[in-house]
Amino acid sequence: MSPTRLRSSGRRATGFPSAGRRSFARWERREGSTGREDLLALAGAIVRPTKWGLYDRDALETWVQGRICLLGDAAHPMLPTFGQGAAQSFEDAAALAGAFALHKRDVATALLHYERVRHYRATRFQLGSKFAFDHLRAKDTAEQKALLEKLDERVSPAFAHDKRGGEDDSWIYAYDARNIGAELPYKRLGPWDFRRAAKANYATITGALWKPASPASAPRSVTREEVARHNTRNDCWVIISGKVYDISEWAPHHPGGAGIARMYAGREATAEFGDYHSAEAVAHMAHFCIGTLVEAPATLP
């Protein structure tokens, strides 16, 4: 069946063989494919099918509080499309062990080191796993396709019909999470710390990004309630690090695809944005800043 992300309180549903057959029946015949009728027959033979819900969470801004840290699914629950949920848990454990081996009894520094080397990588799989579902992702523009090809990174799972990016999957499978460096990184690692091919020319890439014809209006104070009302495809506001941005026009030009931007319409997007963008990309967002977030005063019941 086509993948579905369930948001109901129940975790599974049973007794829908006819729905299963209808789902397979909607598949279009593909050139050279001979297995469609076999799949329909197999689906029809199921006596008590079970449909499991797929659940995840948005990225957390931090995994560390005091002497406590999160790892694995507690830190970055993700959908199974990349098959990386357990793998990222093992990588977390390896990096955390390395951090304590390096910093010994300095717990605060060890946990900070662990988070700085792990947050971006795990969050990338967490976010990428959402967009392996085609119905959550807008089609790439020609510019986005060219950028993905230039980076030469495979950014879609093996089963995807619409391959995105290049062929290099070493960033997934040839990564050694034990190599955390000999010193505490001065900030969280981000994409430009991992990408060999693009490291030299990322300023050129960000310098060519689309800009609006006129700058945003003078910044003002904006509440979360107001941001939440701008939550559609054509009216899209997001919150990033205490600033409010109107990305309605920017989303179709976003190098990562319009779907990534629009998924967070009307919501907080600090965790997803922060790890993924260079200083130049952060500066580019000034074109779309419409104000500073203020918390609405509490009202008495």
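Here, every reference points to the structure presented above.
The structure presented is a predicted model; accordingly, all values stated were derived computationally and were not measured. (Residues numbered from 1 in each chain as written. Predicted model: local features only at pLDDT ≥ 70, side-chain atom pairs only at ≥ 80, totals over all residues. Heavy atoms only, no water.)

Caption draft 1: Representation of the sheet that holds strand β8 (residues 267–268) within the structure. Spatially, the five strands line up as an open sheet ordered β5-β9-β7-β6-β8, and their pairing is mixed. Each end of this open sheet is capped by a strand with a single partner; those strands are β5 (220–223) and β8. As defined by bridge partners, strand β6 (residues 237–240) adjoins strand β7 (residues 243–246) across four bridges and the pair is classed as antiparallel. The residue bridging I239 from the neighbouring strand is V244, located in β7. (Pairing = 2+ DSSP bridges. Helix = DSSP H or I, 4+ residues; strand = E, 2+ residues; numbered from the N terminus.)

Caption draft 2: Structural detail: the nonpolar core. Counting 20 residues, the largest nonpolar core has V238, I240, Y245, I247, W250, Y264 and M285 as the members making the most contacts within it. Among the elements of the structure, β6 and α10 (258–262) are those that each provide at least two residues to this core. Setting aside residues no more than four positions away along its own chain, M285 makes contact with I240, Y245, I247, W250 and F273. With 14 residues, the next largest nonpolar core counts V64, A110, V117 and I180 among its residues. (Core = buried A, V, L, I, M, F, W, Y, C linked by side-chain atoms within 4.5 Å. Buried < 20%, exposed > 50% of the residue type's maximum accessible area, 1.4 Å probe, protein only. Contact = heavy atoms within 4.5 Å.)

Caption draft 3: Representation of the environment of H230 in the model. If you trace the backbone, H230 turns up in the loop between α9 (224–228) and β6. Separated by 35 residues in the primary sequence, H230 and A265 have C-alpha atoms spaced 6.8 Å apart. Discounting residues that sit within four places of it in the chain, H230 has contacts with D235, C236, W237, A265 and G266.

Caption draft 4: Representation of the pattern of salt bridges. One pass over the structure, following the stated rule, counts eleven salt bridges. The salt bridge involving D58 is made with K130; its shortest N-O contact spans 3.7 Å. Separated by 72 residues along the polypeptide, D58 in the loop between β2 (50–52) and β3 (64–65) and K130 in helix α4 (residues 107–130) bring together distant segments of the chain. Using a relative accessible area of 27% as the deciding quantity, one classes D58 as partly exposed. A relative accessible area of 2% means that K130 is categorised as buried. Between R188 and E115 there is a salt bridge, with the nearest N and O atoms lying 3.6 Å from each other. Linking R188 in the loop between α6 (170–173) and α7 (191–194) with E115 in helix α4, this pair joins segments that are 73 residues apart in sequence. (Salt bridge = Lys/Arg side-chain N within 4 Å of Asp/Glu carboxyl O.)

Such coordinate-based values are descriptive only and should not be taken to indicate function.
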